[in-house]
Amino acid sequence: MNRDAFDDPILLELVRYSLDAIADEMALVLVRTAYSINLKNTMDMCCAICDAEGRLIVQGLTLPLHLGSIPEAMRAVLAKFRGRIEDGDLFVLNDPFEGGSHLPDFFLFRPIFLDGRHIAWAVSEAHHLDVGGKTPGGNGCDATEIFQEGIRLSPTKMISRGERVEAVFDFIASNVRVPRHVLGDIDAQIAACDTGRRAYLALVQRYGYDKLMRCIEALLDQSERYARAAIAAMPDGTYEFTDYVDDDGIDPDPIRITVAVTVAGDRLRADFTGTAKQVKGAINATLSFTTSAVYATVRHLIPGNLPNNEGFFRPIEIHAPPGTVVHATLPAAVAARGLTGFRLANVMFGALAKIAPDRIFACEVGADTGISYGGVDHSGRPFVFLEFGCGSWGGRPRLDGVDACGSSVVNFSNNPVEVVEWEYPMMIERYGYVADSGGAGRYRGGLAIERQYRFGIDGGQLQLRGDRIKFRPYGLQGGEAGAASRNVVRRNGEENELPGKCTLVVSRDDVFHHRLAGAGGWGDPRTRDVAMVREDLIDGKITADFARRWHAVDVRLGPGGEVLEVTRP
């Protein structure tokens, strides 16, 4: 029986998961063919399929925090090239003020044609190892305007009718420190887009274009219905939350980020009025990135297996005043905007916890730390090392926070020690948990992670993009804040504390020790189950003094420090 997609739920599910598989396959192709560790290991990227008008049909594996970026970038490409898009073309952009996010994020767009008709787009977005500019890695906090941060590409055709526009590739290669890696990662993105193009055309051939488009419209409407139903189940009202970034790396003042989340019927509005003005340093975020943070966090309160498409966006409104740190305008520096993205997620979760206190976890680490190290290695070749240190989740309403896990809005993975030491002139001398660093609570916050680097050359440039030294990750429902982060550099036997954001020259055998913040706890620590306290003591996650102070227990230790007994008076 030949039924329309609207009344054929089996067909709809088949199409939906076929689209998911296409986006996921694109992401896997990108990861497996990439050159840089930031894509191969951290997986700082995403892939998607959009329709001919740029609507997000499906977005697959990897970063939730990129959820709203692709539609904005698509609009910029269409605004510039509509009517001039041909089969075999491929477009690139990275300009944050023309559809992009920050300069290291390259968006690539491959139009998909069927019998001479433009029907869809295959899209890949990836964070590149370097984009030129004043700081290796393109992620520095100390730029004061976009022009210092690297090459800017407004929507540009880099492949025309199947032929590479060599001038574009040459321009990129001549303006980055490690062209082999950057061009290799661009080729990986192209491979991902080509994979998406082939797979989407196969899907069209299987179902027919008209039937497939009816299914896609139905899936967009389905996502909207799910989202509206979930929002309608929330209590109406306005819920506010405020948190702070320690500083911007130039001025010492804290930077306020505040949100008022209003639920009215089946609509939700996130209003960032009251947030600090854009700052001198490079932690300013573009509106598209702020939008992505809102979508990624609200998604946590949408039950069920929601189709990952633009229909979910329809009942959500974002207001971020222009000229603020969450809606920066030219010529603001934005390279380190990832830090602000994490704080946006933190304030959104803080507000959402007032809506659904039984479903939202306490504050995560609250800022992955961007660490870049660049110079010339022993063979005379330029190198750029870039990694984002991932921390732990906050305590949850029924479970402890997850230790050493990428944030819920990025899903990052770590760089294995062996890979780092093989590829770069450096050693990782320590990598592990920090005891007593998770916020105390009925459910403990995840532990802080520490990592220690020994540098192998003279004259290398080290750049840090960190936070949570002054404003620790908050607890919820009576839980305590997680421990603060810390940066220390040791040279010639002396230790010096470093701020969260800085750039410095390091020499051979200098040692940099970084400790991420711990995550916040959930619930009154004095109500934590004694058996769970005992288990933490045995595992070395907390000390006896910590247990006595926060959990109101008596701890009896043996002569070798072994845990003999834990009781609550």
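For the structure, see preceding data.
Below: a short report on this structure. Residue positions are counted from 1 within each chain, in the order its sequence is given. Given that the model is predicted, a residue must reach a pLDDT of at least 70 before its local features are reported, and side-chain atom pairs must reach 80 or more before they are shown or counted; all residues, however, enter totals for whole chains, interfaces and linings. Calculation of side-chain values draws on the structure's entire complement of heavy atoms; hydrogens and water are dropped beforehand.

**Points about the pairing of strand β18 (residues 494-497)**
Short version of the rule: One requirement defines pairing of two strands: DSSP has to find at least two bridges between them. Only runs of H or I of at least four residues qualify as helices and only runs of E of at least two qualify as strands under DSSP, and these elements are numbered from the N terminus.
Judged from the 4 bridges that link them, strand β17 (residues 486-491) and β18 form a sheet pairing that is antiparallel. Considered in β18, the bridge of V488 is made with E497. Adjacent in sequence and paired antiparallel, β17 and β18 are bridged by 2 residues, among which N492 carries a positive phi angle near 55 degrees.

**Considerations on the environment of I449**
Put simply, the rule is: Burial here depends on accessible area, computed with a 1.4 Å probe over protein chains only, as a share of the maximum for the residue type. Under 20% is buried, over 50% is exposed, and the range in between is partly exposed.
Among the secondary structure elements, I449 is positioned in strand β15 (residues 448-455). On the accessibility criterion, I449 (8% relative accessible area) is buried.

**Side note on the packing of helix α1 (residues 9-33) against helix α5 (residues 179-207)**
Quick note on the threshold: Between the N-to-C directions of two axes lies an angle of 0 to 180 degrees, each axis being a line fitted to C-alpha atoms and, for a helix, fitted only over the stretch in contact. The scheme is simple: roughly parallel for angles under 35 degrees, roughly antiparallel for over 145, roughly perpendicular for 65 to 115, oblique for anything else. Crossing handedness is read from the near helix: turned anticlockwise from the far helix by less than a right angle, it gives a left-handed crossing, and turned clockwise, a right-handed one. Throughout, a contact is declared for two residues whenever any of their heavy atoms are within 4.5 Å.
Their axes nearest at 8 Å, the elements α1 and α5 cross at an angle of 160 degrees. What the angle tells us is that α1 and α5 run roughly antiparallel. For the pair α1 and α5, the sense of crossing is right-handed. Residues L11, L14, V15, S18, L19, I22, E25, M26, V29, L30 and T33 of α1 pack against G184, A188, Q189, A191, A192, C193, T195, G196, A199, Y200, L203 and Y207 of α5.

**A look at the pattern of salt bridges**
Here is the rule: A side-chain nitrogen of Lys or Arg and a carboxyl oxygen of Asp or Glu constitute a salt bridge if their distance falls within 4 Å.
Applying the stated criterion across every chain yields a total of 43 salt bridges. The partner of D20 in a salt bridge is R16, and the shortest N-O contact between them spans 3.8 Å. Of this pair, D20 and R16 are both found in helix α1, 4 residues apart, which corresponds to roughly one turn of the helix. For the pair shown, D20 and R16 are each scored as buried. Here R343 ties to D467 by a salt bridge, and the two come within 2.4 Å at their closest N and O atoms. Remark: D467 occurs in the loop between β16 (460-465) and β17 and R343 occurs in helix α8 (residues 337-355); sequence separation between them is 124 residues.

**Some points on the state of the cysteines**
Put plainly, two cysteines are in a disulfide when a covalent bond ties their sulfur atoms together. Stated precisely, the cut-off is as follows: Two cysteine sulfur atoms make up a disulfide if the distance between them is within 2.5 Å.
All told, the structure shown has 0 disulfides when counted by the stated rule. No disulfide involves C215; its nearest neighbouring cysteine sulfur is the one of C50, lying 18 Å away. Summary of cysteine pairing: C405 is not part of a disulfide, and the nearest cysteine sulfur, belonging to C390, is at 8.5 Å. Of the residues examined, C405 reaches a relative accessible area of 23% and is grouped as partly exposed.

**A few points about the nonpolar core**
Put simply, the test is: What we call a nonpolar core is a set of buried Ala, Val, Leu, Ile, Met, Phe, Trp, Tyr and Cys residues that are connected through their side-chain atoms within 4.5 Å.
The biggest cluster of nonpolar side chains holds 171 residues, and the ones touching the most others in it are F109, W121, M158, I172, Y200, F272 and F312. If one sorts the elements of this core by residue count, α5 sits on top with 12 residues. With residues near it in sequence (within four places) discarded, F312 still touches L67, S223, E224, A227, Y295, V298, R299, I302 and L306. V533, L537, A544 and A547 belong to the second-largest nonpolar core, a separate cluster that totals 11 residues.

**Examining the sheet that holds β16**
Strands sit in the order β13-β12-β16-β19 across an open sheet of 4 strands; the sheet is antiparallel. Of all the strands in the sheet, the pair left with one neighbour each is β13 (382-389) and β19 (501-506). Neighbour-to-neighbour, the strand axes of this sheet turn through a mean angle of 10 degrees, independent of strand direction. Note: strand β12 (residues 369-376) against β13, 8 bridges, orientation antiparallel. Across the sheet, residue G370 finds its bridge partner in β13, namely F388.

**Concerning the packing of aromatic side chains**
Cut-off, in case you're wondering: We call Phe, Tyr and Trp rings a pair once their centres come within 6.5 Å, taking the six-membered ring for Trp, and we label the pair stacked below 30 degrees between planes, edge-to-face above 60, and tilted otherwise. Whether a charge sits over a ring comes down to the Lys NZ or Arg CZ being within 6 Å of the ring centre and within 35 degrees of the ring normal.
Inspection of the entire model under this criterion finds 20 aromatic pairs. Relative to F313, the ring of Y295 lies with its centre 4.0 Å away and its plane at 0 degrees, an arrangement referred to as stacked. Pair noted here: Y295 is in helix α7 (residues 287-298) and F313 is in the loop between α7 and β11 (316-319), with a separation of 18 residues, a long-range link. Here the aromatic rings of F361 and W393 are separated by 5.5 Å at their centres, their planes lie at 35 degrees, and the arrangement is tilted. With F361 in the loop between α8 and β12 and W393 in the loop between β13 and α9 (417-423), this pair connects stretches of sequence that are 32 residues apart. Taken as a pair, F361 and W393 share a single burial class, namely buried. In textbook terms, an aromatic cluster arises when at least three aromatic residues are bridged by ring pairs, as seen for Y373, F383, F385, Y424, Y453, F455 and F512. In this structure, R164 packs its charged tip against the face of F169, placed 3.8 Å from the ring centre. Directly above the aromatic system of F312 lies the positively charged group of R299, at a separation of 5.7 Å from the ring centroid.

**Digging into the side chain of T42**
The topology assignment puts T42 in the loop between α2 (37-40) and β1 (45-51). For T42, the contacting residues outside a window of four places in its chain are I37, F412, S413 and N415.

**Some points on unusual backbone geometry**
The phi torsion of most residues other than glycine is negative, and most of the peptide bonds are trans. Following L330, the chain continues to P331 via a peptide bond in cis, the omega torsion being 5 degrees. Residue placement: P331 occurs in the loop between β11 and α8. One non-glycine residue, M43, lies in the positive phi region at around 60 degrees. Turning to its location among the elements, M43 is positioned in the loop between α2 and β1. With a phi angle near 55 degrees, A552 is a residue other than glycine that sits in the positive phi range.

**Remarks on helix α10 (residues 530-539)**
Think of an α-helix as 3.6 residues a turn; residues three or four steps apart then line up on the same face. Applicable threshold: The arc in question is the one spanned by the directions pointing from the helix axis to the C-beta atoms. Throughout this description, a polar contact denotes any pair of N or O atoms lying within 3.5 Å of each other; where both atoms belong to protein, one of them has to be capable of donating a hydrogen while the other can accept it, and for residues adjacent in sequence the pair is counted only when both atoms sit in side chains.
Taken together, the buried positions of α10 are occupied by V533, D536 and L537. Buried residues along α10 cover an arc of 100 degrees about the axis, so they all sit on one side. Away from its buried face by more than 90 degrees, α10 exposes A531 and I538. At its buried positions, α10 is contacted by α11 (544-551), β21 (554-557) and β22 (563-567). Regarding α10, its N-cap is D529, as a side-chain oxygen of that residue lies 2.8 Å from the backbone nitrogen of A531 further along. Of the residues trailing α10, G540 is marked for its positive phi of about 80 degrees.

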